[in-house]
Amino acid sequence: MPPRRPTRRYTLTSLLKEARRQHRGWEPAWPKAEPKASYEIVIAGGGGHGLATAYYLAKLHGIRNIAVVEKGWLGGGNAARNTAIIRSDYLRPESMALYRLSHSLFEHLSTELDFNVMYSPRGLVELAYTRQHMELLARTADANTHYGIKSWMIPPDEVRKLLPLLDDGPHKRYPLFGALWQPRGGIARHDAVIWAYARMAAQLGIDIIENCEIERIETIGGRISGVRTSRGTISAGTVLVATAADTPALLASLGINLPIEPVALQAFVSEPLKPALDVVAIAGEVEGYISQSDKGELVIGGATDKAPGYSRRGAFASIEDTAASMLELFPSLSRVRMMRHWAGTVDITPDRSPIIGALGLQGLFVNCGWGTGGFKAIPGSGYGTASLIAGGKAAHVVAPFGLDRFRQGRLIDESAASAVAH
Ligand SMILES: Cc1cc2nc3c(=O)[nH]c(=O)nc-3n(C[C@H](O)[C@H](O)[C@H](O)COP(=O)(O)OP(=O)(O)OC[C@H]3O[C@@H](n4cnc5c(N)ncnc54)[C@H](O)[C@@H]3O)c2cc1C
């Protein structure tokens, strides 16, 4: 392991001095690398999954001759556009194994990466307003218990204690039947996760190259030979494509078709409020979810837009619906002002599970299709994908998610667990 850079200590005086010189003296968290002519591995896409894979390749498998090539800036994709919900209460055995691993890595991520990712396991409730949803959540709770994931059903009385702002009086359109409760579900700061992986990967010797678009993946004689980028050609025997909704376009020139639909997913935050909500609440029936950030802002999101597309603007009807559903549940928020709104383009697969694996051409790997729920999976997916590329033992965690499952009809259907519940 290379020597760790000494962490600079800041005092009030040093911070004031920095402010006086207009913040020009901050130490960069990772150096801006220039592309070299060749690397052992090129990772396309500096989102969470690309960066985490790079980090675990270096940390656990000793492979450091790696470039992470990002067309924009780190976190400019979905990585820092999400609402940062972390949970592992999925339904299928393959997903439970992956998300359970990821959740357990989140528990110690700040220590592992020597950076505060603000992981806050404050608890997460998934509300059920129909008997059918209750039944589905109860099945999830049973499956979770069987696979060692702590989640269980709670009755309406307990939900009311956790969510005093929730209006579920007798006049409500939907009666509350209960909820699935995951006590260690929660949130983390999304961009801190990205910065932490980038900083540590760079300390381990990985080049992080921003503002460099991969235009084409090059092959010679049926195997990967490198990538053509906006800043020249880079040769590499192994390429991992982790470019979210841009992945199908990048792979199409190799004759590889991915079953991925790009669609806008939107979110918005309120003005900061005093602490009023100390769990994450998700309501599938009304298509909305809410949490309160450490700054006090209410972070609100809902379902994807109805029509596919790459626009990051998003349809107004979707945010209107989400706002209406939040008011249905929490009428006392009606006078809270909303401050910011944004969208990301999420990459949805037919079974709402990711695509991870080798792609037939020697040296070519993919990690994409995370749709609305890939933030929580970053540590586990990076860990597993690194092992897959390096031929390690942990590859079994990601092995079920190969592209061939669509040909074989071996779907990992998580549409219920990942529709509104990101
Ligand atoms: C509004 C919203 C809310 C969400 N909420 C949650 C949530 O609460 N919990 C959760 O778990 N998930 C959530 N998600 C989903 C989550 O953000 C994504 O699944 C996850 O970030 C995907 O990570 P990634 O690394 O695959 O993609 P990204 O973070 O998008 O990274 C891909 C990167 O590839 C780069 N790239 C693309 N093309 C090229 C190219 N040709 N060359 C070089 N670089 C390229 C992009 O610029 C981008 O930085 C949400 C998403 C959105 C939009």
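Here the focus is the domain arrangement of the chain. Once the domains are mapped, the chain shows domain 1 (36–115 + 190–260 + 351–408) and domain 2 (124–184 + 262–348). For domain 1 versus domain 2, the separation of C-alpha centres amounts to 28 Å. Counting residues at the interface gives 29 residues for domain 1 and 30 residues for domain 2. Taken over both partners, the interface formed by domain 1 and domain 2 buries close to 2,500 Å², and the fraction arising from carbon and sulfur atoms is 56%. Of all residues in domain 1, Arg81, Thr83 and Asp89 give up the largest surface area on contact with domain 2, accounting jointly for 23% of the area buried on that side. Taken together, the connections running from domain 1 to domain 2 amount to two salt bridges. Across the pair Arg87 and Glu126 runs a salt bridge whose closest N-O atoms are separated by 3.6 Å. Put simply, domain 1 and domain 2 have 14 residue pairs in polar contact (both at pLDDT 80 or more) between them. Contributions of two or more residues to the side of domain 1 that touches domain 2 are made by strand 3 (85–86) and helix 3 (93–107). At five residues, the largest contribution of residues to the side of domain 1 that touches domain 2 is made by helix 3. Of the residues assigned to the side of domain 1 that touches domain 2, the class counts are twelve nonpolar, ten polar and seven charged.

Applying the stated rule across the entire model yields 23 salt bridges. Note that Arg189 is salt-bridged to Asp191, the shortest N-O span being 2.7 Å. Note on Asp191: relative accessible area 15%, which makes it buried. The structure contains a network of salt bridges with shared partners spanning Arg87, Asp89 and Glu126.

Taken across its five residues, strand 14 (residues 288–292) has five buried, putting it largely inside the fold. The alternating pattern of strand 14 places Gly288, Ile290 and Gln292 on one face and Tyr289 and Ser291 on the opposite face, and all of these are buried. Relative to strand 14, strand 13 (residues 280–283) runs antiparallel, the two being bridged by three bridges. Along strand 14, the bridge assignment pairs Ala283 with Gly288. Linking strand 13 back to strand 14 in an antiparallel pair, the connection comprises four residues, with Glu287 at a positive phi of about 60 degrees.

Looking now at the pairing of strand 11 (residues 232–241). The sheet contact formed by strand 1 (residues 38–44) and strand 11 spans six bridges and is parallel. When the bridges of strand 11 are listed, Tyr39 appears paired with Ala236. Of the strand pairs in this sheet, strand 10 (residues 223–229) and strand 11 are connected by four bridges, and their pairing is antiparallel. Residue pairing in the sheet places Val227 in a bridge with Ile234 of strand 11. The turn joining strand 10 and strand 11, which pair antiparallel and follow one another in sequence, is formed by two residues. Pairing geometry for strand 11 and strand 18 (residues 364–368), over three bridges, is parallel. Within strand 18, the residue paired with Val239 across the bridge is Leu364.

Calculation rules
- Residues numbered from 1 in each chain as written.
- Predicted model: local features only at pLDDT ≥ 70, side-chain atom pairs only at ≥ 80, totals over all residues.
- Heavy atoms only, no water.
- Domains from an automatic or database assignment.
- Contact = heavy atoms within 4.5 Å.
- Buried area = accessible area lost by both parts, 1.4 Å probe.
- Salt bridge = Lys/Arg side-chain N within 4 Å of Asp/Glu carboxyl O.
- Polar contact = N/O pair within 3.5 Å; in protein donor to acceptor, adjacent residues only side chain to side chain.
- Helix = DSSP H or I, 4+ residues; strand = E, 2+ residues; numbered from the N terminus.
- Nonpolar A, V, L, I, M, F, W, Y, C, P; charged D, E, K, R; others polar.
- Buried < 20%, exposed > 50% of the residue type's maximum accessible area, 1.4 Å probe, protein only.
- Pairing = 2+ DSSP bridges.

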